[in-house]
Structures are given as structure tokens and as C-alpha cells.
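So the chains spell out like this:
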Amino acid sequence: MCGIVGYIGNKAAKDILLNGLKSLEYRGYDSAGIALLDEGRINVIKSQGKIASLESKINQLQNVTSTSSNKPEKEFNSILQERLVNAINKSNCGIGHTRWATHGKPSDINSHPHLNTAGNIALVHNGIIKNFYEIKRELEEDGVEFISETDTEVVVKFYSKFKDQGLSDIDAFRKVLQRLDGSYAFALINADSQKIILAKNQSPLVIGIGDNENFIASDSATVLEHTEKVIKLKDLQIAELSANDVKLFDLDGNTVKLEVHHMHQVSSVAEKGPYKHFLLKEIHEQPAVISKMLLDAYSVATEPIACFNNLDFKFSQIDKISFVACGSAYHAALVGKYLIELWAKIPVEVNIASEFCSFPVLHGKNNLVIGISQSGETADTIAAIKSAQSAGAKIMAITNKQDSAIFDLAKPNTYVTPAGIEVSVASTKAFTSQVLALYLLAIKAAEDKGLDLIDIKDELHKLPLVIDQVIERADDYHAPFLKYANYRDFLFLSRGVNYPIALEGALKLKELSYIHATGYPSGEMKHGPIAILDQNVPVLSIAIDGASELEHNVYKKTLSNAEEARARMSPSLVIACDSNRDVENIFDEIIRIPNISQFFSPIIATIPLQFLAYYIAEHLGKDVDQPRNLAKSVTVE
Ligand code: M6R
């Protein structure tokens, strides 16, 4: 994670860097900092916390005069402060960083940019250098001292060593990169040259080309605020930027031809509108997203599904499907497995992406590996897709971002969920749009195999109405959910197609309220988790009936398992349909959703769980849109 920005040109760098950092804050918000080049000196300002605290530190610097009573110290401080203020006002070259801590706790010291010992080189970094301890030990043997716990400080001091040997900026960087094992997007400034040096491996980095000015950022949306001419740096490339030039090199120092893309600026600004939080707004956007997806897919049930026409294969050629995904996207994939096996009769396995690469990869050309990712940038999912690709599997991606690494890897086999920008770190509308994409994919797969699913398609078209109805009940959910705000542990249970929704409900509650919550298949509770149950551990079940024998059996067993929890004195809650009377004698709290059959209920059952997490987090005063320790785009493995 982490976001990096840079600017070189003739405007005030500080404003461009701060605005860029704000648009990259979704990548991490443990600390932020900038380094500004001015009069041959590097000036660094950094602060633990969000960009807002960096901004107020900068404002204070501009306003406050030195407070020291000691005369020489006072003079020294005021010189330093004058330099900083000059740089803030005048510098037109700088780099900036917003951090998601990997090595070293969030603190001012561990914040980026990091400096070499002489203070004339500053570096920002997104990624993880796996062999940094080894390099650190070598540098320490040479007498180099370190003040932070970060891998980045090691890199800048390592670079400095080569510069001290007289190497050029690029050659010194090449030497460093040749030694590094890990992922990185780097941007570096050197007090001796009015240039920014960049390099990347596995972490994203783009250059925006302006008129006598150039920009860098971790995503293209940030540079598109300034220019539509974008270069996407490739792995193991090094770039050298001045105000009116961009040079690109490979690791051997050979010049590489620039590939400039003309990208259209799409608004990257999302407004909260009348909502208190983005999360709440995004929950309310779900009916519109679901409606749009269904309309784009088919208007009448007799028409074939139209939204996967770009695929270069037919599901009739596929022997096995493997999903790779993380977090909420993994939960969506579990729903997808159920539906594809049920309707298209193709065996499906679901992998947590970070585990996929820890196992032997057994894939051939009739195996389809589908990566699901809201951001399209999740490092674990990228690594899993790449390893399946190199083992010969066919690749597909379901992502919310067309301009993303995962989309590019899977082209042309892509589906972009039309959820729009999701600002809140906890996923809501992106998750439900992934689930719907998998309903559509399951139907498409069945159609490719000549199976007729007209009834199912008819049923699916009723979803937008039901999702509207469930969201209209938001206020009804408030008081019942708040009764549970002070518990410290929760279990979420369900079976079959709603088991992944139990996982998702538990994840939402954990992420937003920091209450410990775990999702289990209902039947698994008796195999161990039941030991923790007592009057202090509420158990929430999702119990939805259906017309088929499979649905009804699942439902009945879910109720039996809920009874087992209740017998252990656990406060019990249930998500149940309006017409369900069975639940009345079993549960303390019944959260009603409109009538829907089990097979079609996962999206609808998700909505009250989103409200549960939201209401409790809001009640406890948590940071709803940016929960602690999280980031929206997880770009490290
Ligand atoms: O961008 P991705 O969908 O690949 O992200 C995967 C997970 O990091 C993400 O779903 C995470 O679990 C969310 N915070 C869930 O709310």
C-alpha cells in the first residue's frame, strides 16, 4: 500500500503534492510527508496521522515563530524555519507519501520521505524490501547509522553509498535495484540535481506529462487531475524526470522508448452528498448499481446474457474454475462457487489469493482462474493470477477498476463491475456488485453449456425492487442493532449460499467497529467454536427458506444450529424473511428482510449486516470511512 506523488515544473509543488496525497489517502493513512527541493537543499515535513495533520503542521510552520529562549538555538531554529517556509512557498520540485505501516509503527520518525545521512537525498517508497536487514547490516558495518525502523531508510542510505562513489543518479539507482528483493515504487530527489528519479517493481507508478511540468503518482486518477498524457511505468524500469523531459531506462541502463497513453479524465471526486459517511452513501447506492448491472446483462429472460460477450472462450471448454480473491471479494467468490456448481455444473474451487501461491499450482489450459478485486491492484491477487497464468491456465478478472493491473493482466477476459468509486475502506456496493456479477457469470456459463435458466433469470430481475425495499428499512434496524453495541465478541452463522454472507457480516463488523466477530458455517459451530458461547457472545444467524429440497434442508439445519447456540445462553439474532414464523420462538432479535428465496437472498441478506456494522461503529465513535490499520488498496503481499 502507501501512495506516492511527485511534481517537477514551475508551480508551487506543495499544493500539488498535498492534493495528490489526498486523492491517494485510500492507500494508507498512518502518516504523511513531503520533501521539497529549494535552493539546493531538501526540506522534509512529515507527520503521523492523516494528510490533514500534515497540512496543519505545514500551516503552523508558516505561522509560528521560534519559541526557544536560548539565543544561538533560537537563531538556528529560525533559520531552519525560514528555509522550510521558503521551500513551502517557492519549491517547484518535490515528492510526497501517505503511509500504510509495514516496517515500524506509525510515527513521525518512520514516516516518509526518508533521508540519507547527509540529508541531501530524499526517498519515498510503496512496497516491501524483503532483504533489507541484510543490506542494513552491511551498511552498519560501514558505520552508517539508522534512525527509523523502515526498509526505506536502508534503501536511501544504500543509494547514497553509490552516489558517494561518484556514480550518476541512474547508475547508482541501478546498483541499488539490482540488489533489492521485493516490491517497490520509488521516487527520489537529490539536492544536487533538479530531477526526480523513479523506479518500480510490482507496485504501481505512473508519470503524467504536462507542459514544462511532470507529475508522478501511484494511480493514474491522481495525475489525470493535471494531464491526460500518462506513462505507466513497467516493472524494473527507471525513469528520470525534469520539468520538460522524461527519460526511461531498463535495469541495464539501456534507454527505453516512452509509451504515452492518452487517457480520459474521469471524475475521481466522490461527494458524500446528504450522507454523514461515504459508507452510508455507498450502501444506499446499491439498488442503482444492481439495477444497472441487470439491465446491461439482459432485458428479458429469454435473451442470452450479454455482459460477457468479450470473453475469448466458452464455458463449455472449461473443466474447472478457480477463484482467487481476498477479503470481501473472497466471500463473493464463495457465493459464485455455489451458483456455478448449482446451475452450470462446473467444478469450482475458491482460493484466498495469498494462499494460492503457497501451494503447488496445478493448472492447464482448460482451467479458468478468475481473479476478483474491487481495486484491481491487490498484490496477493495479482501474484495468484500471474502464477496461474504461467502454469498455463486461462485467466479472467472481475474488477471495479478498468484502469488497473488485474484488468490489464486478464484482457480480454474482463468484467468491470459498475459500482463506481468506492471511497469507504469497508466494501459495500463493490461487494454486492461482485456477487451479482457471479450470478450473471453462473447463468452465462450454464447458457454456454446449453442449459436453460429462464426461470432463474426472471427471478433475478426482481432483485432491484427487493433491494430497494430492504434499504427503506434502514431506520427499523437501528434500535435493535444498537442493543448489541457493547458486546466484545460475535459469531455469524449460516449454511450454503449464505455461509459467505455470514463471513462478510463478521468482516464488516470487525473492520468498522473493531469488535471481534467470526463467521462460521452453522454446522461447524459444534466442532469447537461453541466452547466460547455464553451470555456475552451474541450469535447472529442468517436463516432463509426456499422452495427446493436443498434450500429447505439448509434452512432447517440452520435453525437447529441456532437452537444449540441459544441453549448455551447466547443472545441470538436472525436475519429472516417477513413471512417466516419459525424464527419467532428461537431468536431474541428478528431482523426482517422482504420475502425472497434462499438462492437469491445473499445480496439482500448482506444489507442489514452492513447496517449492523455501520450503526455500531457510528455509535462507538469509530472512524467509519477510514478504520484504523486498513487501506483501500492493498499493494503488498
Ligand atoms: O480491492 P480488492 O477487492 O482486491 O480488496 C480485497 C480486500 O482487501 C477487501 O475486500 C477488504 O477485505 C475490504 N476492506 C473489505 O471490506
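This text goes with the structure placed above it.
Residues numbered from 1 in each chain as written. Predicted model: local features only at pLDDT ≥ 70, side-chain atom pairs only at ≥ 80, totals over all residues. Heavy atoms only, no water.

Trainee: Where do I start with the packing of aromatic side chains in this structure?
Mentor: By convention here, two paired aromatic rings are described through the distance between centres and the angle between planes. Counted according to the given criterion, the structure contains 18 aromatic pairs. Ring geometry for Phe-158 and Phe-162: centres 5.0 Å apart, planes at 65 degrees, overall edge-to-face. Pair noted here: Phe-158 and Phe-162 are both in helix H5 (residues 151-164), with a separation of four residues, about one helical turn. Of the two residues, Phe-158 and Phe-162, neither departs from the other in class, the shared state being buried. Relative to Tyr-615, the ring of Tyr-614 lies with its centre 5.9 Å away and its plane at 55 degrees, an arrangement referred to as tilted. In this structure, Tyr-614 and Tyr-615 share a single accessibility class: buried. Grouping aromatic residues by their ring pairs yields a cluster made of Tyr-477, Phe-481, Phe-611, Tyr-614 and Tyr-615. Above the plane of the ring of Tyr-29 lies Lys-50, whose end atom (NZ or CZ) is 5.5 Å from the centre. Geometry around Tyr-26 places Lys-401 over its ring, the cationic atom sitting 5.3 Å from the centre. (Phe/Tyr/Trp six-rings, centres within 6.5 Å; stacked < 30°, edge-to-face > 60°. Helix = DSSP H or I, 4+ residues; strand = E, 2+ residues; numbered from the N terminus. Buried < 20%, exposed > 50% of the residue type's maximum accessible area, 1.4 Å probe, protein only. Lys NZ or Arg CZ within 6 Å of the ring centre and 35° of its normal.)

Trainee: I'm lost on the site of the ligand in this one. Help?
Mentor: Contacts to the ligand come from 15 residues, most closely from Ser-373, Gln-374, Ser-375, Thr-378 and Glu-511. Within the backbone of Val-425, one N or O atom sits 3.3 Å away from a nitrogen atom of the ligand. In this structure, Lys-508 approaches the ligand through a side-chain N or O atom, which is 3.0 Å from an oxygen atom. Here the ligand has 410 Å² of accessible area as a free molecule, and 89% of this is covered by the chains. Going through the elements one at a time, helix H10 (327-344) and helix H18 (499-513) are the ones with two or more residues in the shell around the ligand. Here the shell around the ligand is composed, by residue class, of six nonpolar, seven polar and two charged. There are two domains that each give the shell around the ligand at least three residues, and those are domain 2 (273-461) and domain 3 (473-637). (Near = heavy atom within 4 Å. Polar contact = N/O pair within 3.5 Å; in protein donor to acceptor, adjacent residues only side chain to side chain. Areas by Shrake-Rupley, 256 points an atom, 1.4 Å probe, with all protein chains shown as cover. Nonpolar A, V, L, I, M, F, W, Y, C, P; charged D, E, K, R; others polar. Domains from an automatic or database assignment.)

Trainee: Explain the side chain of Thr-558 here, please?
Mentor: With respect to the secondary-structure elements, Thr-558 resides in helix H19 (residues 549-566). Leave out the neighbours within four places in its chain, and Thr-558 touches Ser-494, Arg-495, Ser-522, Ile-542 and Ala-543. (Contact = heavy atoms within 4.5 Å.)

Trainee: I tried to follow the environment of Lys-14 on my own but got confused; where do I start?
Mentor: Tracing the backbone through its elements, the reader meets Lys-14 in helix H1 (residues 13-23). Residue class for Lys-14 comes out buried when judged on its relative accessible area of 13%. Expressed as a C-alpha distance, the spacing of Lys-14 and Gly-94, which sit 80 residues apart in the sequence, is 7.5 Å. Excluding anything up to four places from it in sequence, Lys-14 contacts Ile-34, Leu-36, Ile-58 and Ile-88. At 3.0 Å, the side chain of Lys-14 and the side chain of Asp-15 are in polar contact.

Trainee: Sorry if this is basic, but what is going on with the sheet that holds strand S5 (residues 114-115) here?
Mentor: The strands making up a sheet are joined through hydrogen bonds of the backbone, oriented either antiparallel or parallel. What the six strands build is an open sheet, ordered S5-S6-S7-S8-S12-S13; its pairing is antiparallel. Only two strands of the sheet have a single partner each, and these edge strands are S5 and strand S13 (245-249). Bridging between strand S6 (residues 121-129) and strand S7 (residues 182-190) involves nine bridges; their strand directions are antiparallel. Residue Ile-129 lies in a different strand from S7, and its bridge partner there is Gly-182. The sheet contacts of helix H6 (residues 169-179) involve S7, strand S8 (193-201), strand S12 (237-242) and S13, and relative to S8 the element is tilted by about 25 degrees. (Pairing = 2+ DSSP bridges. Axes fitted to C-alpha atoms, helices over the stretch in contact; angles between N-to-C directions.)

Trainee: Would you take a moment to explain the nonpolar core for this structure?
Mentor: For soluble globular proteins, the rule of thumb is that nonpolar side chains tend to be buried together. Counting 101 residues, the largest nonpolar core has Phe-315, Ile-321, Phe-323, Leu-436, Leu-440, Leu-460 and Phe-492 as its most contacted members. Shared between two domains, this core takes at least three residues from each, and those domains are domain 2 (273-461) and domain 3 (473-637). The contact partners of Phe-492, leaving out residues within four places of it in the chain, are Ala-502, Gly-505, Ala-506, Leu-509, Ala-517, Thr-518, Gly-519, Tyr-520, Leu-540, Leu-609 and Leu-612. (Core = buried A, V, L, I, M, F, W, Y, C linked by side-chain atoms within 4.5 Å.)

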